[in-house]
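# Fold and geometry: a report
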Amino acid sequence: MLMIHRRAVTILITVLCMLGLLGLPGIAWGHASLIQSSPEANAVLEKAPERVELTFNEPLQTAFMSIQVTNQDGQRVDTGEARLLPTNPNIMEGDLKANLPSGVYTIQWRAISADGHRIEGIIPFQVALAGQTGELPMPTTPSSSGETEQTRIDLVLIRWLMYLGISLLFGGLVFRLYVLQQGWGTTDTGKNSSIDKGAARNRLRALSIPYLPALLWSGYASLAVAVILALPLQVSWDAAVPIAQGFNGQLIGEALRFTHAGQLWFVQVILLLIISVTMIYAHDREQPIAKQRRYAHLTVFLTLAIMLAKASVGHAAAASLPVAAILADWVHFAAAAFWIGSLSVMLICMSVQRRSMDPREHRLLMGDMLRSFGGWGIAATALLLGTGVYTSFQYLPSLEALVSTGYGWALLGKALLMLIMLGLAGIQFRKVRKPQEAPPVGKSIRWELGAGIAVLLLAALLTHLSPTPAPSTTPSPVASAPFQATQTDEANHRVTLTVQPTRVGSSTFGVTFTDQANVPVEGIQQVTLTLIPEQADRTAQEIIIPAQTEQPFTATEILPVAGNWTIQVHALTASLDSIDAEFTVTVSAE
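Residues numbered from 1 in each chain as written. Predicted model: local features only at pLDDT ≥ 70, side-chain atom pairs only at ≥ 80, totals over all residues. Heavy atoms only, no water.

### Re the confidence of the model for the chain
As a reminder of what qualifies: Along the chain, pLDDT gives the predictor's confidence residue by residue, from 0 to 100. Helix and strand assignments follow DSSP, with helices taken as H or I runs no shorter than four residues and strands as E runs no shorter than two, numbered in order from the N terminus. Only heavy atoms enter the contact rule, under which two residues are in contact if any of them lie within 4.5 Å.
With 77% of its residues at a pLDDT of at least 70, the chain reaches an overall mean of 78. Per-element confidence in the chain ranges from a low mean pLDDT of 42 for helix 1 (residues 6-23) to a high of 93 for helix 6 (residues 260-282). Low pLDDT, under 50, characterises residues 133-149; the predicted model gives this stretch 63 contacts beyond four residues in sequence or across chains. Of the regions scoring below 50 in pLDDT, residues 182-197 engages in 31 contacts with residues more than four places distant in sequence or in other chains.

### Structural notes on a nonpolar patch on the surface
Put simply, the rule is: The patches described consist of residues with a relative accessible area above 30% and no salt bridge, like charges being joined within 9 Å and nonpolar side chains (Val, Leu, Ile, Met, Phe, Trp, Tyr) within 5 Å. In these tables, accessible area is a Shrake-Rupley quantity obtained with a 1.4 Å probe, and a residue counts as shielded only by the protein chains included in the view. By salt bridge we mean one thing: a side-chain nitrogen of Lys or Arg within 4 Å of a carboxyl oxygen of Asp or Glu.
Side chains of V225, I228, L229, I243 and F247 sit close together on the surface and give an oily, nonpolar patch of about 410 Å² of accessible area. Mapped onto the elements, V225 comes out in helix 4 (residues 212-238).

### Some remarks on the layout of surface pockets
Regions of empty space are outlined by a rolling probe, equal in size to a water molecule, passed over the atoms. The condition is simple: The pocket and cavity definitions rest on a 1 Å grid over protein atoms only: a 1.4 Å probe that fits but cannot leave marks a cavity, an open set with protein on both sides within 12 Å along at least five of seven lines marks a pocket, and residues lining either have an atom within 4 Å of a point. Grid points are joined across faces, edges and corners, and a volume is the space filled by probe spheres set on the points. The residue classification treats Ala, Val, Leu, Ile, Met, Phe, Trp, Tyr, Cys and Pro as nonpolar and Asp, Glu, Lys and Arg as charged. All others, Gly included, are polar.
In this structure, the largest pocket spans a volume of roughly 1,000 Å³. Lining the largest pocket are 39 residues; nearest its centre among them are H332, G388, T391, L411 and K414. Taken together, the residues that form the lining of the largest pocket break down as 27 nonpolar, eight polar and four charged.

### Description of the sheet that holds strand 8 (residues 118-127)
The following threshold applies: Any two strands between which DSSP finds at least two bridges are classified as paired.
Strand order in this open sheet of four strands is 2-8-7-4, and the pairing throughout is mixed. The open sheet terminates on both sides in strands that have one partner only, identified here as strand 2 (44-45) and strand 4 (60-71). Relative to strand 7 (residues 103-113), strand 4 runs antiparallel, the two being bridged by eight bridges. Bridging from a neighbouring strand, V69 pairs with I107 of strand 7.

### With respect to helix 4
Rules: Here the expected span of a helix is defined as 1.5 Å times the quantity of residues minus one. To get the bend at any residue, fit one axis to the seven residues that end at it and another to the seven that begin at it, then take the angle between the two axes.
Here helix 4 is 27 residues long and its end C-alpha atoms lie 39 Å apart, about the 39 Å a rise of 1.5 Å per residue gives. Helix geometry: helix 4 is bent most strongly at A230, by close to 35 degrees, with proline P232 lying one to four residues after it. Looking one or two places after helix 4, you find A240, whose phi comes out positive at around 55 degrees.

### Thoughts on empty space enclosed by the protein
Inspection of the entire model under this criterion finds eight cavities of 30 Å³ or more. One number sums up the size of the largest cavity: a volume of about 280 Å³. Elements represented by at least two residues in the lining of the largest cavity include exactly helix 2 (153-182), helix 4 and helix 6. Tallied by class, the residues present in the lining of the largest cavity amount to 10 nonpolar, seven polar and three charged.

### What to know about the pattern of salt bridges
Side chains that differ in charge, positive against negative, can pair when their charged atoms come close. Applied cut-off: Burial status follows relative accessibility: with a 1.4 Å probe on protein chains alone, a residue under 20% of its type maximum counts as buried, one over 50% as exposed, and anything between as partly exposed.
Taken as a whole and assessed by the stated rule, the structure comprises six salt bridges. D78 is the partner of R76 in a salt bridge, and the nearest nitrogen-oxygen pair spans 2.5 Å. On the basis of relative accessible area, R76 is assigned to the partly exposed category, the value being 38%. Notably, a salt bridge pairs R83 with D95, separated by 3.1 Å at the nearest N-O pair. Of this pair, R83 sits in strand 5 (residues 78-85) while D95 sits in strand 6 (residues 88-96), placing them 12 residues apart in sequence.

### Topic: the environment of V499
Considering the arrangement of structural elements, one finds V499 in strand 10 (residues 494-500). For V499, a relative accessible area of 0% puts it in the buried group. Measuring from C-alpha to C-alpha, the distance between V499 and Q484 comes to 6.7 Å, with 15 residues separating the pair along the chain.

### A short note on the packing of helix 4 against helix 5 (residues 249-258)
Rules: Every angle, taken between N-to-C directions, lies between 0 and 180 degrees, and every axis is a line fitted to C-alpha atoms, over only the stretch in contact when it is a helix. We call two directions roughly parallel when the angle between them is under 35 degrees, roughly antiparallel when it is over 145, roughly perpendicular when it lies between 65 and 115, and oblique otherwise.
Two elements in contact, helix 4 and helix 5, have axes separated by 10 Å at closest approach and are oriented at 100 degrees. When the axis of helix 4 is compared with that of helix 5, the two are roughly perpendicular. Here L231, P232 and V235 of helix 4 come into contact with helix 5, specifically with L251, I252, A255 and L256.

### Concerning the nonpolar core
Heads up, the condition is: In these notes, a set of buried Ala, Val, Leu, Ile, Met, Phe, Trp, Tyr and Cys residues joined through side-chain atoms within 4.5 Å is what counts as a nonpolar core.
Counting residues in each nonpolar core, the largest one holds 78 residues, and the members touching the most others are I166, F170 and W339. With 15 residues, helix 2 is the largest single contributor of residues to this core. Discounting chain neighbours no more than four positions away, the residues touching I166 are G171, L223, T303, I306, M307, F333 and A337.

### So, the side chain of D154
Here D154 lies in helix 2. With a relative accessible area of 17%, D154 lands in the buried category. Among all residues touching D154, those that are not within four sequence positions of it are L233 and I243.

### Examining unusual backbone geometry
Note the cis peptide between S38 and P39, where omega equals 5 degrees. Checked against the element boundaries, P39 lands in the loop between strand 1 (34-38) and strand 2. Note that the residue after Q500, namely P501, is joined by a cis bond; omega there is -10 degrees. Topologically, P501 is positioned in the loop between strand 10 and strand 11 (505-514). With a phi angle near 65 degrees, N42 is a residue other than glycine that sits in the positive phi range. Residue placement: N42 occurs in the loop between strand 1 and strand 2. Backbone geometry places F64, a non-glycine residue, at a positive phi of 60 degrees. Mapped onto the elements of the fold, F64 is located in strand 4.

Here it is, written out as structure tokens:
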């Protein structure tokens, strides 16, 4: 459905280059990252600390923050209050009980970053007072805290429902008000065109779409349900409580007072109430046509305001140039909603209306409609690609992040679906350039709309993923009697894990990968160790070891409690194949 002309291609390339260059200087880090802690990870302190201080690369929000510090017996030794420094919102701190004895301690922290996402991590450390240093093993090399990247399927689905609702409401209205009424692009630009310009424009302006109000109201209903449920679901995630507790008035009140998402949610609810009124008047047949159109135009602007509020919460809010990033997200969202909403009108409404129309008249109208959409489609595509390039440069720290993070893979999937949509649109438009040809409304538009709905799903997923990988270190090994075991995966790779020592305190983990001939596997890009304690109230720890030239891959981490630990090993090769194994290690208290 795109009219491909040389001038349009030139404009498109210019927009892409300009926005690409604008995106190069600034980089956003997605969710906030811990850059410094006191005590440091795996530190051995000769004096008991009085407080925990965590420094992040960007400001935090004041709601739902937590710092819990436990000893090796699982008993809490913090005072139960976490706070931001009044002079520096990048720093979160919490007080500890006085005179902590020698032992291994674990800091479990949680916070809400500037982009509205929950972040959390674990920082182990030791206190070794004078005369008591022999009671516990000494850590040798500090390791990073285990910040996690997680989400819940309900958060993604509710965001997807919101995107679908906005697409139906905004895209449907814009298509009816502007595309059909203006009649832009209804004619072939050739001198010998056989299309009657005036007749085509008049047919579109006079076109009645009886099923359009039902489509618009279904979009509004989807949007309303998604907006209303979004805050309680987000609260349950941010506060790390069950979903039912997310509807607790006190927690919702905390979100409304202290988080950007909560405050903008209130704005969206007010806008929804106003839209319900404008929608009623826009479809009131007793009102003059001009008045109905004014209310329809107002509904479009109010829906744009909801999209702007939604764009103000997320990765764009934490960008180095937040105003530009928010505007880019907003334009990207509006262009996608227009495209998908327009496809919905043409497929759903016009396909149903075909049953009551003369086939020849229906083919003629569809040809006019698709040609009319062509010019608008070029504009929407240019905006989508331009803002997409800009935000990609803003959010991704490097090209490697495209294949090393979940965000990168989701972004690649979204780009692939967009290319499929463009291809289908081009094929569709070529088939309707001549008025005597009947446009195949069914298959190609169905596939194009299906790809668009999938794009919205991936867009919803992207808002809950971090563009940057978790930090990692590669500590040096220490000598001790190791645990050692070997597992073989389905591809006959042999994974050997060593852990020394297997007791509470600092331990060194070593992993080697060999083939059937016991030859080391080459091209390992990254190794991830996930340490899962048997205690349900304990959080799993994650160690990421980057590529290195020689095996074994080693890392040092503190095992804070005794018991059985499940250690999952995951390696990624240069060919993007995975090597996985799982071990059970018994950790003693002494």
